[in-house]
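Topology and contacts: notes
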Amino acid sequence: MTVRKFRDAVIVMGAFLAIIWVLQLFNWADGYRLDADFGILPDHLSRLPDIFTAPFLHFSWQHIEGNSVPLFVLGVLAAYRSISRFLLVSLIVTVTSGLAVWFFQNSNELTVGASGLIFGYFGYVLVRGFVDRSLIDIGVGAVAGVLYWTILQVALPGTPGISWIGHLGGLAGGLLAAWLVRSRTPTVADGLTGTGARTRAGAGGSPDPSDLLRELKRQGR
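In short, a report on the structure. Values in this document were obtained by computation on a predicted structure and should not be read as measured data.

**Here's the deal with the overall build of the chain**
Regarding its fold elements, the chain presents eight helices and zero strands. From first element to last, N terminus to C terminus, the chain shows the α and β order α-α-α-α-α-α-α-α. For the chain, the residues scored as buried account for 41% of the 221 residues in total. Within the chain, counting contacts between residues at least 6 apart in sequence, those at least 24 apart form 74% of the total.

Right under this line is the structure:
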């Protein structure tokens, strides 16, 4: 991770939050008609594309306020490695969360909100370090787990007015995304070579030349 990448992650998530807050202002001023027009309505084929618009909308100011901080924090943690990977993770989570709602939720229940993304980013950050074999990301995932483990309770059935199905779908999407977008070439900065083998450091902290020579010979075969 570099300062530039972390800055880019903050900018991306700041821009996303700005968009959903501006939309909330227009939505509120219009009597929340955007929710009715672009929220997920299960089992209605014509509303299937709305799985891509629903995460940008909210039912109330309390709804968006409750989502904003965890969305920003977990989004930054999910994005600081690579913005392109983060965008792909976001797409996967949006699809899995939205489809879970569309297929399995009560057909007369309208669903909007970014909480599916929150759960997706949470799941992604939790397991990314193990999948990528990165000690830094394992530590980041542990911190995220300590800070936000209580949100898993909302992924369980029985919470009135909460789309636990969308949350569970988002969480599953985050875990799936960690595998699908995993790094095939772990960084030397995390103590790994491009093939995942650890290097031996000399007195100056550089990889052992004999390890590098063997790796070059292996790749030349």
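**Examining the packing of aromatic side chains**
Under the defined criterion, the tally for this structure stands at six aromatic pairs. With 5.1 Å between their ring centres and 90° between their planes, Trp 102 and Phe 103 make a pair best called edge-to-face. Given the relative accessible area of 49%, Phe 103 is considered partly exposed. Ring geometry for Phe 103 against Phe 104: centres 6.2 Å apart, planes inclined by 45°, an arrangement best described as tilted. Given the relative accessible area of 63%, Phe 104 is considered exposed. Positioned above the aromatic ring of Trp 179, the side-chain terminus of Arg 182 is 3.6 Å from the ring centre.

**Section: the pattern of salt bridges**
Counted according to the given criterion, the structure contains seven salt bridges. One salt bridge connects Asp 8 with Arg 4, and the closest N-O pair in it is separated by 3.4 Å. Here Arg 4 and Asp 8 lie together in helix H1 (residues 3-29), a separation of four residues that amounts to about one turn. A residue is classified by how much of its surface remains accessible, and Arg 4, at 48% relative accessible area, is partly exposed. Through salt bridges with shared partners, a single ionic network connects Arg 4, Arg 7 and Asp 8.

**Some remarks on the nonpolar core**
Counting residues in each nonpolar core, the largest one holds 33 residues, and the members touching the most others are Leu 71, Leu 74, Val 89, Tyr 121, Tyr 124 and Val 125. Secondary structure elements with two or more residues in this core: H1, helix H3 (61-79), helix H4 (83-104), helix H5 (115-132), helix H6 (135-148) and helix H7 (164-180). Each residue touching Tyr 124, except ones within four places of it in the same chain, is listed here: Ala 78, Arg 85, Val 89, Gly 174, Leu 175, Ala 177, Ala 178 and Val 181. Core analysis: the second largest hydrophobic core is formed by seven residues, Ile 40, Ala 54, Trp 102 and Val 112 among them.

**Digging into H7**
Between the first and last C-alpha of H7 there are 24 Å, a value that for 17 residues agrees with the 24 Å anticipated at 1.5 Å per step. Along H7, the residues that are buried comprise Ile 165, Gly 166, His 167, Gly 169, Gly 170, Leu 171, Gly 173, Gly 174, Ala 177 and Ala 178. Those residues of H7 that are buried lie in contact with H4 and H5.

The rules behind the values
Residues numbered from 1 in each chain as written. Predicted model: local features only at pLDDT ≥ 70, side-chain atom pairs only at ≥ 80, totals over all residues. Heavy atoms only, no water. Helix = DSSP H or I, 4+ residues; strand = E, 2+ residues; numbered from the N terminus. Buried < 20%, exposed > 50% of the residue type's maximum accessible area, 1.4 Å probe, protein only. Contact = heavy atoms within 4.5 Å. Phe/Tyr/Trp six-rings, centres within 6.5 Å; stacked < 30°, edge-to-face > 60°. Lys NZ or Arg CZ within 6 Å of the ring centre and 35° of its normal. Salt bridge = Lys/Arg side-chain N within 4 Å of Asp/Glu carboxyl O. Core = buried A, V, L, I, M, F, W, Y, C linked by side-chain atoms within 4.5 Å. Expected span 1.5 Å × (residues − 1).

What is shown is where atoms sit, not what they do.
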